Amino acid sequence: MDLMPLYLSIKLAIVSTIILIVLSAPLAYLLVYFRFRGKSFLEALLNLPMVLPPTVLGFYLLVVMGPKGALGRLWEAITASPLVFTFAGIVFASIVYSFPFAIQPMKTAFEKIDRRLLESSYVLGLSPLATFFKVIVPNALGGVAASAILVFVHTMGEFGVILMVGGSIPGETRVASIAIYEAVEALNYREAGIMCLILVPISYVFLLIINRLTRSNLYGS
Amino acid sequence: MGLKIKITKKLPHFEVDVAFTCDDGKVLALVGPSGAGKTTIIRMIAGLERPDGGTISYNGEVWFDSEKGILLPPQERSLGFVFQDYTLFPHLSVFKNVAFAAQSKEEVIRLLKLFDIWHLKDRKQHEISGGERQRCAICQALARRPRILLLDEPFSALDANTRRNMRDELKNLRKQVSIPIIHVTHDIDEALFLADDVLPMVNGKIVRKWMLQFMLKERTGMGTHDDDYKYGFTKYHGFDRSVLYDSMEIEKWRM
């Protein structure tokens, strides 16, 4: 049995998760603690991938990331290789697609932090940036971990967007969900069954961990 | 010199409008019922809220001036703030909480020993009692060697016994630090015990006369005639606080 699709899925999920946590933590901080014009529009835009059909999102991503799209051209100018139908392309698509899943648990965790802790930190002389790293993040570790796991699981199960942007290139963009679909199409139920059997418990265990993390406060206060 | 304050701020039900000074080494108490605007005032001194108008300065350094558009962030005011229900960082031990903004490790050790919480240095906040937390919060505020110290109802969440002990500890503390201390409380006895000057507040204004009358009626059963309460006040508390009743003469009847 070809394990490459499973490997690709896990690799995609890890890369997307790391990038998304780094990107969404400051953004969640901005959304929770600062008031600025257009905040609700930005929030709605970030959550849009959650309600759009993956094919619609995939279509627009394909247009923007294609050889004639702005992002595709920029990418080609820098790396001299196309963005669509590559691993980098599906990483980018995953990031857009999973953004709401990264940002929501983190926002919830940040909102739960007593504002007086931040004020206390400011009064003690720490800048908002130092406060973010020394007070907010350590007290929102449960939320950050929940974000990471949710993104990981969500990316593992991604199908429509990847198919639109990445197609099914073995070793490059043919991730587990696509391989399963193709196996079924080819009436190869045995291979599809094995891959499903591997994916289901992984997702289930991760969801159990999220439940634990979001329910308990790490410091028992 | 010391801390000079003259600020106004509109709140939903009334306007805060106060002017006072607090010299180095002095303790000033803002006393009044909850919702009188006391906390808002020290939050404005700390830079956590912006006044609508006026000035705040410390030893000639302007922290806020509405006309000149000056507003120093809390980080640049270098002050200590002890919040109402102790805001220790839950992810840090007692030691690390005090060391959070400390000048030196020696200072942290000195303070922890001074406030008798050295033996708790490795505990987290949920593993220690209310009084111990409040001691830790005071150490945390002092560890950075603040230029002024703000206490917002520091004892309100403590039981009567612990409160008495903490009061004594603070009284000792004031002998050791020569910075202005502003103490917000709703308890007139607590204020009189610690403070050099007491500013009774109602609805955002300083109303010495009303507060003293109220207090005396409650405590001594005396009338509201001026001589009565002047006499009763000194008698009841047994010490001379000329600042208080001098100002009673000047202060208008505002209630």
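Shown above is the structure to which this text applies.
Residues numbered from 1 in each chain as written. Chains lettered and ligands numbered in written order. Predicted model: local features only at pLDDT ≥ 70, side-chain atom pairs only at ≥ 80, totals over all residues. Heavy atoms only, no water.

**Student:** Looking at this structure, how should I read the overall build of chain B?
**Tutor:** Each helix and strand in chain B was counted, giving 9 helices and 11 strands. Burial analysis of chain B (255 residues in total) assigns 53% to the buried set. Across chain B, every contact between residues at least 6 apart in sequence was considered, and the portion connecting residues at least 24 apart equals 67%. Accessible area for chain B stands at about 11,400 Å²; split by element, carbon and sulfur atoms hold 47% of it. (Helix = DSSP H or I, 4+ residues; strand = E, 2+ residues; numbered from the N terminus. Buried < 20%, exposed > 50% of the residue type's maximum accessible area, 1.4 Å probe, protein only. Contact = heavy atoms within 4.5 Å. Areas by Shrake-Rupley, 256 points an atom, 1.4 Å probe, with all protein chains shown as cover.)

**Student:** What am I meant to see in the sheet that holds strand β6 (residues 70-71) of chain B here?
**Tutor:** Adjacent strands of a sheet form backbone hydrogen bonds with each other and so pair up, either parallel or antiparallel. Residues and elements named next belong to chain B. Strand order across the open sheet formed by 5 strands is β2-β1-β4-β5-β6, with antiparallel pairing between neighbours. Edge positions in the open sheet fall to β2 (15-22) and β6, since each of these has one partner strand only. Across 6 bridges, the pairing between strand β1 (residues 3-10) and strand β4 (residues 53-58) is antiparallel. Each residue of the ladder has a partner; that of Lys4, found in β4, is Ser57. (Pairing = 2+ DSSP bridges.)

**Student:** Mind showing me how you'd approach the nonpolar core here?
**Tutor:** Within soluble globular proteins, side chains that are nonpolar generally end up buried alongside one another. Counting 41 residues, the largest nonpolar core has Tyr33, Phe110 and Ile136 of chain A as its most contacted members. Contributions of two or more residues to this core are made by α1 (4-33), α5 (87-112), α6 (115-123), α7 (128-139) and α8 (141-156) of chain A. Excluding residues within four positions of it along the chain, Tyr33 of chain A makes contact with Phe110, Ile113, Arg115, Leu118 and Ile136 of chain A. Counting residues in hydrophobic clusters, the runner-up holds 37 residues, among them Leu120, Ile128, Cys139 and Leu192 of chain B. (Core = buried A, V, L, I, M, F, W, Y, C linked by side-chain atoms within 4.5 Å.)

**Student:** So what exactly am I meant to see when it comes to α8 of chain A here?
**Tutor:** Each α-helix turn comprises 3.6 residues. Residues three or four places apart therefore point the same way. In this model, α8 of chain A (16 residues) spans 22 Å end to end at C-alpha, consistent with the 22 Å of a helix rising 1.5 Å per residue. In terms of burial, α8 of chain A is a largely internal element, 13 of the 16 residues being buried. (Expected span 1.5 Å × (residues − 1).)

**Student:** Sorry, what's going on with the environment of Leu117 of chain A here?
**Tutor:** Secondary-structure assignment places Leu117 of chain A in helix α6. The exposure class of Leu117 of chain A is buried, given its relative accessible area of 6%. Along the sequence, Leu117 of chain A and Val161 of chain A sit 44 residues apart, while their C-alpha atoms lie 41 Å from each other. Apart from residues no more than four positions distant in its own chain, Leu117 of chain A is found in contact with Val135 and Asn139 of chain A together with Thr87, Leu88, Phe89 and Pro90 of chain B.

**Student:** Help me understand the environment of His186 of chain B in this model?
**Tutor:** All names here are of chain B. Considering the arrangement of structural elements, one finds His186 in the loop between β9 (181-185) and α6 (188-194). On the accessibility criterion, His186 (48% relative accessible area) is partly exposed. Between the C-alpha atoms of His186 and Thr8, which are 178 residues apart in sequence, the distance is 21 Å. Discounting chain neighbours no more than four positions away, the residues touching His186 are Val31, Gly32, Lys38 and Glu153.

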